[in-house]
Every structure is written in C-alpha cells, then in structure tokens.
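Letter by letter, the chains look like this.
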Amino acid sequence: MTQNTGFSLTTPTILETGIRVSKSLCSNVFPYIAMWAMLLVVRQHNQYARQKINTIACPGLGTGIGRVPYTEAARQMALAYDHFLYPPKHLNCIVAAERQLQIWEGGYFR
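Calculation notes
Residues numbered from 1 in each chain as written. Predicted model: local features only at pLDDT ≥ 70, side-chain atom pairs only at ≥ 80, totals over all residues. Heavy atoms only, no water. Helix = DSSP H or I, 4+ residues; strand = E, 2+ residues; numbered from the N terminus. Expected span 1.5 Å × (residues − 1). Buried < 20%, exposed > 50% of the residue type's maximum accessible area, 1.4 Å probe, protein only. Lys, Arg positive; Asp, Glu negative; His and termini not counted. Salt bridge = Lys/Arg side-chain N within 4 Å of Asp/Glu carboxyl O. Polar contact = N/O pair within 3.5 Å; in protein donor to acceptor, adjacent residues only side chain to side chain. Contact = heavy atoms within 4.5 Å. Patch = residues over 30% accessible without salt bridge, like charges linked within 9 Å, V, L, I, M, F, W, Y side chains within 5 Å. Areas by Shrake-Rupley, 256 points an atom, 1.4 Å probe, with all protein chains shown as cover. Core = buried A, V, L, I, M, F, W, Y, C linked by side-chain atoms within 4.5 Å.

Asker: Got a minute to help me understand helix 1 (residues 30–48) in this structure?
Answerer: What sets the pattern is the α-helix's 3.6 residues per turn: residues three or four places apart point alike. Between its first and last C-alpha atoms helix 1 spans 28 Å; for 19 residues at 1.5 Å apiece the expected length is 27 Å, and the two agree. If you check which residues of helix 1 are buried, you get Phe30, Pro31, Tyr32, Ala34, Met35, Met38, Leu39, Val42, His45 and Asn46.

Asker: Any chance you could explain the side chain of Arg99 here in plain terms?
Answerer: Checked against the element boundaries, Arg99 lands in helix 3 (residues 93–105). Asp82 is the oppositely charged side chain nearest to the buried, salt-bridge-free Arg99, at an N-O distance of 6.2 Å. A distance of 3.3 Å separates a polar atom in the side chain of Arg99 from the backbone oxygen of Tyr86. Contacts of Arg99, omitting those with residues within four sequence positions, involve His83, Tyr86, Pro87 and Pro88.

Asker: Looking at this structure, how should I read a nonpolar patch on the surface?
Answerer: The grouping of Tyr81, Leu85 and Tyr86 at the surface amounts to a nonpolar patch, some 300 Å² of accessible area in total. Mapped onto the secondary structure, Tyr86 falls in the loop between helix 2 (70–85) and helix 3. Taking the relative accessible area as the measure of exposure, Tyr86 reaches 42% and is therefore partly exposed.

Asker: What am I meant to see in the nonpolar core here?
Answerer: Generally speaking, nonpolar side chains in soluble globular proteins are found buried as a group. Grouped together as the largest cluster of nonpolar side chains are 13 residues, with contacts concentrated most on Tyr32, Met35, Leu61 and Ile103. Excluding anything up to four places from it in sequence, Met35 contacts Cys58, Leu61, Met77, Ala80 and Tyr81.

Asker: I keep staring at the environment of Leu40 and nothing clicks. Help me out?
Answerer: Checked against the element boundaries, Leu40 lands in helix 1. Under the relative-accessibility criterion, Leu40 is labelled partly exposed at 34%. Along the chain, Leu40 and Phe84 lie 44 residues apart, while their C-alpha atoms are 8.5 Å from each other.

By themselves, these are just geometric observations and shouldn't be taken as functional.
Printed below as a string of structure tokens:
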C-alpha cells in the first residue's frame, strides 16, 4: 500500500508489513513474494500518480521474526528484482519451472 505522509517535502512511501504471525519462514519463499508484491505496487502507483516513486529502500524481508538467513533473503529479493526487470519474452512450462527452481534452490540469474 502507498501512504501519503502529509509532509510536502516527502515522497510517497511503501509500507511492506512483513509477516503477521510469529513463525519461522526458513523453508519458505516469503522474501521473493514480498519483494515481487512491493515492486508491483510501485509500478501500479507510478502508472497513475503525479508524484512518482524513484527510490526503494527495504530491509531484509523475512529476516526478523521469520528467521530467514540474511543471505537467503538477499538472494530471493535480488531474484525477484531481476525477474521484475527482465520478464521472459514468452512463458511456457519450461520457463516457469526454471524460474521456480531458481526461487527454491538458488542458481543462476542475470
């Protein structure tokens, strides 16, 4: 969700709320999904808003209560960013399976 803070010198702010329940996310893809969702919100906001979001700063998603290791959260967040910037030219079951393996197991990305 974007939030207008009411201050004239500030830019719109994205609030990534994180997890709502206190549980470990160590075997989860939460950082990827949360990062992807945030990027979609920024894109949607920038399509219609007069004041665009040009900079995003976010913490290691899932690394607090979720206990996702920093390196894993960073890998998943970077992968979501890469997938967002470079969407596939075509999508079939092979491309989808390769992306899913990248998210689950790591591996090569741009």
